[in-house]
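Breakdown of the fold
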Amino acid sequence: MSVLVFDLDGTLVSSMEDLAATLNVVLTAAGHEAVPPENFRSIVGHGAKYMLQRGLETNGIAWDEDMIEPLFRQFLAHYEKNLAVHTRPFPGVIDALERFRAEGWRLAVCTNKMERLTLPLLDQLDMTRHFDAIVGGDTFAVAKPQAEPVFGAIERAGGQKPGSVMIGDSATDINAARAAGIPVVAVDFGYTQVPVTELGPDRVISHFNELHEAIQALKAVA
């Protein structure tokens, strides 16, 4: 049984507003300036600590881990209470998931977001029911771009590597797919510092209504 393995933030859901809002709540509470909206897309999608580091750098602050840790705890506490204020599935996501499931695909989430954030977010968006497995950034000892969480998602979904495909929005996802030896479809509307077309995915889509055709094309050349 083949599995479609989806990244979460910037791929399945548009979560930038809630992540950015939490970042700025934490920064301003600590006496720093908020990060301007035009900077968000390049810093979201790499984890909360990365966002905090870039937020401090935007303020001209040379951070260290001792500075990041308390801010990280504050970030998690605030974000857990505000997971889905603005976060929603991207257009066409639910229809695509339902179509693939009807065709017999197994579906999995493989994100670097912690389980304590991923599971309630999917619950609040009524998306959990679409997936056979959900793997977070702390489910295994390593996270993407390592192959282990991708293999873990496939195995937990009851599938096998042959025929499985990764769908993501960043170099992290593309490199994880390469490490796992499976093809990858990249969305071009996600959160990445470099356009995904420059990162060498097997296919690029601009809307989830294009995913079915992209998957069929990959199957044809497999």
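Above: the structure in question.
So, a few notes on the structure that sits alongside this text. Note that the structure is predicted; figures quoted are calculated from it, not measured.

Rules behind the numbers
Residues numbered from 1 in each chain as written. Predicted model: local features only at pLDDT ≥ 70, side-chain atom pairs only at ≥ 80, totals over all residues. Heavy atoms only, no water. Helix = DSSP H or I, 4+ residues; strand = E, 2+ residues; numbered from the N terminus. Rg over C-alpha atoms; globule rule 2.2 N^0.38 Å. Buried < 20%, exposed > 50% of the residue type's maximum accessible area, 1.4 Å probe, protein only. Contact = heavy atoms within 4.5 Å. Areas by Shrake-Rupley, 256 points an atom, 1.4 Å probe, with all protein chains shown as cover. Lys, Arg positive; Asp, Glu negative; His and termini not counted. Charge placed at Lys NZ, Arg CZ, Asp CG, Glu CD. Axes fitted to C-alpha atoms, helices over the stretch in contact; angles between N-to-C directions. Parallel < 35°, antiparallel > 145°, perpendicular 65-115°, else oblique. Left-handed = near helix turned anticlockwise from the far one by under 90°. Nonpolar A, V, L, I, M, F, W, Y, C, P; charged D, E, K, R; others polar. 1 Å grid on protein atoms, 1.4 Å probe; cavity = no way out; pocket = protein on both sides within 12 Å on 5 of 7 lines; lining within 4 Å. Points joined across faces, edges and corners; volume = space filled by probe spheres on them. Core = buried A, V, L, I, M, F, W, Y, C linked by side-chain atoms within 4.5 Å. Pairing = 2+ DSSP bridges. Right-handed = clockwise from strand over helix to strand, strands pointing away.

When its secondary structure is counted, the protein chain shows 9 helices and 8 strands. Expected size for 222 residues packed as a compact globule is a radius of gyration near 17 Å; at 17 Å, the protein chain falls within 12% of this value. When its C-alpha atoms are laid out on the principal axes, the protein chain stretches across 55 × 35 × 30 Å. When each of the 222 residues of the protein chain is scored for burial, the buried share is 47%. Restricting to contacts in the protein chain with at least 6 residues of sequence separation, those with at least 24 account for 65%. A total accessible area of about 9,800 Å² is found for the protein chain, and carbon and sulfur atoms account for 50% of it. Taking the 18 positively charged and 29 negatively charged side chains of the protein chain as two groups, their mean positions are separated by 5 Å.

Moving on, we come to the packing of helix α1 (residues 16–29) against helix α3 (residues 48–58). Relative orientation of the contacting elements α1 and α3 amounts to 55 degrees, with a least axis distance of 10 Å. On the basis of their axis angle, the class for α1 and α3 is oblique. Crossing hand, α1 versus α3: right-handed. Residues Leu 19, Ala 20, Leu 23, Val 26 and Leu 27 of α1 lie in contact with α3, whose contacting residues are Met 51, Leu 52, Gly 55 and Leu 56. Taken together, the residues of the contact of α1 with α3 break down into 8 nonpolar, 1 polar and no charged.

Okay, the layout of surface pockets next. Of the volumes computed, that of the largest pocket is approximately 480 Å³. In terms of lining residues, the largest pocket is bounded by 24 residues, among which Gly 45, His 46, Gly 47, Asn 112 and Lys 113 are the most central. Listing elements by their share of the lining of the largest pocket, those giving two or more residues are α3, α4 (65–80) and α8 (171–180). Ranked by residue count, the leading element in the lining of the largest pocket is α4, at 4 residues. In the lining of the largest pocket, the residues fall into 10 nonpolar, 7 polar and 7 charged.

A few words on the nonpolar core. Grouped together as the largest cluster of nonpolar side chains are 54 residues, with contacts concentrated most on Phe 6 and Leu 12. Counting residues in each nonpolar core, the second largest holds 20 residues, with Ile 154, Ile 182, Ala 186 and Val 196 among its members.

Our next topic: unusual backbone geometry. Cis peptide bonds are those with omega within 30 degrees of zero, and the linkage from Lys 144 to Pro 145 qualifies with 15 degrees. Along the chain, the position of Pro 145 falls in the loop between β5 (133–135) and α7 (148–156).

This next bit is on the pairing of strand β4 (residues 106–110). The buried fraction of β4 is high, at 4 of 5 residues. Of the strand pairs in this sheet, strand β1 (residues 3–6) and β4 are connected by 4 bridges, and their pairing is parallel. Counterpart to Leu 4 in the pairing with β4 is Leu 107. Note: β4 against β5, 3 bridges, orientation parallel. When the sheet's bridge partners are listed, Ala 108 is paired in β5 with Ala 133. Where the polypeptide runs from β4 across helix α6 (residues 115–124) and back to β5, its parallel neighbour, the crossover connection is right-handed.

Another aspect to go through is the environment of Gln 124. Summarising the element assignment, Gln 124 is placed in helix α6. Looking at Gln 124, the relative accessible area reads 46%, which means it is partly exposed. With 39 residues separating them along the chain, Gln 124 and Val 85 place their C-alpha atoms 10.0 Å apart. Those residues in contact with Gln 124 that lie beyond four places of it in its chain are Leu 83 and Ala 84.

These values are about where atoms sit, not about what they do.
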